[in-house]
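What follows is each chain in one-letter form.
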Protein chains: 2
Amino acid sequence: MTETGDPRFMRRAIELSRQMMREGRGGPFGAVIVRDGEIVAEGFNMVTSAKDPTAHAEVVAIREACRKLDDFSLAGCEIYTSCEPCPMCLAAIYWARLERMYYANSREDAADIGFDDAFIYDEIPKPVEQRSLPSMRMLDREALTVFAEWARKEDKIEY
Amino acid sequence: MTETGDPRFMRRAIELSRQMMREGRGGPFGAVIVRDGEIVAEGFNMVTSAKDPTAHAEVVAIREACRKLDDFSLAGCEIYTSCEPCPMCLAAIYWARLERMYYANSREDAADIGFDDAFIYDEIPKPVEQRSLPSMRMLDREALTVFAEWARKEDKIEY
């Protein structure tokens, strides 16, 4: 781990963003995951080519790194991403237990070229009823019985 | 679309959460995506069995619905999820253009049985430098040239 980040890895993330954008694979975003000074996995945005709205560079890189390391945890790894992650990718970084993040473009830069990152950042912290996404709670008493069963479950694998 | 939600679909999401938890596939979470009163796709948490930290029920359901509909947009669809989505899944719901969300358990219920949803909700809105994830910006001038090229690109597919 380096405090300052290794420019070689960020240049690789930026290069992926440029190359795959030019090839028409998706938006201009790239990411690499590094452990012990070596690239473990790379990702780039393939939302439109894979027809998968979750296929952002960071999510693609995380999934690939987990596949290579055969682990759902990336503790001990760092991510270099050509743009500040959207909330989906930022939360994925937390769930993956990545230990450090380096980014280049900002969410405002992304908004300036037409991406919704900043809008979604504004939506996430709002109370459910104030979001632009209509949302309703239902059957919570039925669902809570499943959580109670999880709490009691002795052979669960926590993550 | 219904304002109130169809309990059959939520019961299916809850049933998936219970069944797959019991089968040891992952955490106690299920989701279904509905269009025109029919289930398009189902998902359940498979983080530990698929070794994929992004394989939350909602993300799995979104990816499967996009595959079935051959589209990166789920405009016109609704999601029923057995638990309020974490920020990763909530942002994925926005990116997928889902039009309505129904949920049962809350993020607090999830926190009560040991999941980090509430913690990550608290982290997302913080300024980058105040988060528990060490984060650093670098090479932003180099990266911005790629965004400028995207802005000029005439054959881009927006999403």
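The notes below deal with the structure included here. (Residues numbered from 1 in each chain as written. Chains lettered and ligands numbered in written order. Predicted model: local features only at pLDDT ≥ 70, side-chain atom pairs only at ≥ 80, totals over all residues. Heavy atoms only, no water.)

Considering the pairing of strand 1 (residues 30-35) of chain A
Residues and elements named next belong to chain A. Of all six residues in strand 1, five are buried; the element is thus mostly enclosed. Inspection of the sheet shows strand 1 paired to strand 2 (residues 38-44) by six bridges, in the antiparallel sense. Across the sheet, the residue bridging to Gly30 is Phe44, located in strand 2. Linking two consecutive strands that pair antiparallel, namely strand 1 and strand 2, is a turn of two residues; a positive phi of about 50° is found at Asp36 within it. (Buried < 20%, exposed > 50% of the residue type's maximum accessible area, 1.4 Å probe, protein only. Helix = DSSP H or I, 4+ residues; strand = E, 2+ residues; numbered from the N terminus. Pairing = 2+ DSSP bridges.)

Overview of the packing of aromatic side chains
Across all of its chains, the model carries 16 aromatic pairs over all chains by this definition. Relative to Tyr159(A), the ring of Trp95(A) lies with its centre 6.4 Å away and its plane at 50°, an arrangement referred to as tilted. Linking Trp95(A) in helix 4 (residues 87-95) with Tyr159(A) in the segment after helix 7 (140-152), this pair joins segments that are 64 residues apart in sequence. Take Tyr159(A): its relative accessible area is 16%, and that puts it in the buried class. Ring geometry for Tyr159(A) and Phe115(B): centres 5.3 Å apart, planes at 50°, overall tilted. In this pair, Tyr159(A) is assigned in the segment after helix 7 and Phe115(B) in the loop between helix 5 (107-112) and helix 6 (117-123), connecting two distinct chains. In textbook terms, an aromatic cluster arises when at least three aromatic residues are bridged by ring pairs, as seen for Phe29(A), Phe115(A), Trp95(B), Phe147(B), Trp150(B) and Tyr159(B). The side chain of Arg8(A) reaches across the aromatic face of Phe9(A), ending 5.2 Å from its centre. (Phe/Tyr/Trp six-rings, centres within 6.5 Å; stacked < 30°, edge-to-face > 60°. Lys NZ or Arg CZ within 6 Å of the ring centre and 35° of its normal.)

Some remarks on the packing of helix 7 of chain A against helix 1 (residues 7-22) of chain B
Interaxial distance between helix 7 of chain A and helix 1 of chain B falls to 9 Å at its minimum, and their mutual angle equals 10°. It follows that helix 7 of chain A is roughly parallel to helix 1 of chain B by the angle criterion. Of the residues in helix 1 of chain B, those touching helix 7 of chain A at Glu142(A), Ala143(A), Thr145(A), Val146(A), Glu149(A) and Trp150(A) are Arg11(B), Ile14(B), Ser17(B), Arg18(B), Met21(B) and Arg22(B). Of the residues contributing to the contact of helix 7 of chain A with helix 1 of chain B, the split by class is five nonpolar, two polar and five charged. (Axes fitted to C-alpha atoms, helices over the stretch in contact; angles between N-to-C directions. Parallel < 35°, antiparallel > 145°, perpendicular 65-115°, else oblique. Contact = heavy atoms within 4.5 Å. Nonpolar A, V, L, I, M, F, W, Y, C, P; charged D, E, K, R; others polar.)

Describing unusual backbone geometry
In this structure, Arg97(A) is a non-glycine residue whose phi angle is positive, near 65°. Tracing the sequence through the fold places Arg97(A) in the loop between helix 4 and strand 4 (100-105). One non-glycine residue, Asp70(B), adopts positive backbone phi at about 55°.

Let's talk about the layout of surface pockets
Reported here for the largest pocket is a volume of approximately 240 Å³. By residue number, the principal contributor to the lining of the largest pocket is helix 3 (residues 57-69) of chain A, which donates six residues. Of the voids in this model, the second largest pocket is the one considered here, and its volume is about 150 Å³. Ranked by the residues each element gives to the lining of the second largest pocket, the list is headed by helix 3 (residues 57-69) of chain B, at five residues. Across the lining of the second largest pocket, the residue classes tally to five nonpolar, no polar and six charged. (1 Å grid on protein atoms, 1.4 Å probe; cavity = no way out; pocket = protein on both sides within 12 Å on 5 of 7 lines; lining within 4 Å. Points joined across faces, edges and corners; volume = space filled by probe spheres on them.)

Brief notes about helix 1 of chain B
Helix length check: helix 1 of chain B (16 residues) gives 22 Å between terminal C-alpha atoms against 22 Å at 1.5 Å per residue, within 8%. Residues of helix 1 of chain B that are buried include every one of Phe9(B), Met10(B), Ala13(B), Ile14(B), Leu16(B), Ser17(B), Arg18(B), Met20(B) and Met21(B), and no others. Among the structural elements, helix 7 of chain A together with strand 1 (30-35), strand 2 (38-44), strand 3 (78-83) and strand 4 (100-105) of chain B are those in contact with the buried residues of helix 1 of chain B. Gly24(B) sits one or two residues past helix 1 of chain B and shows a positive phi near 75°. (Expected span 1.5 Å × (residues − 1).)

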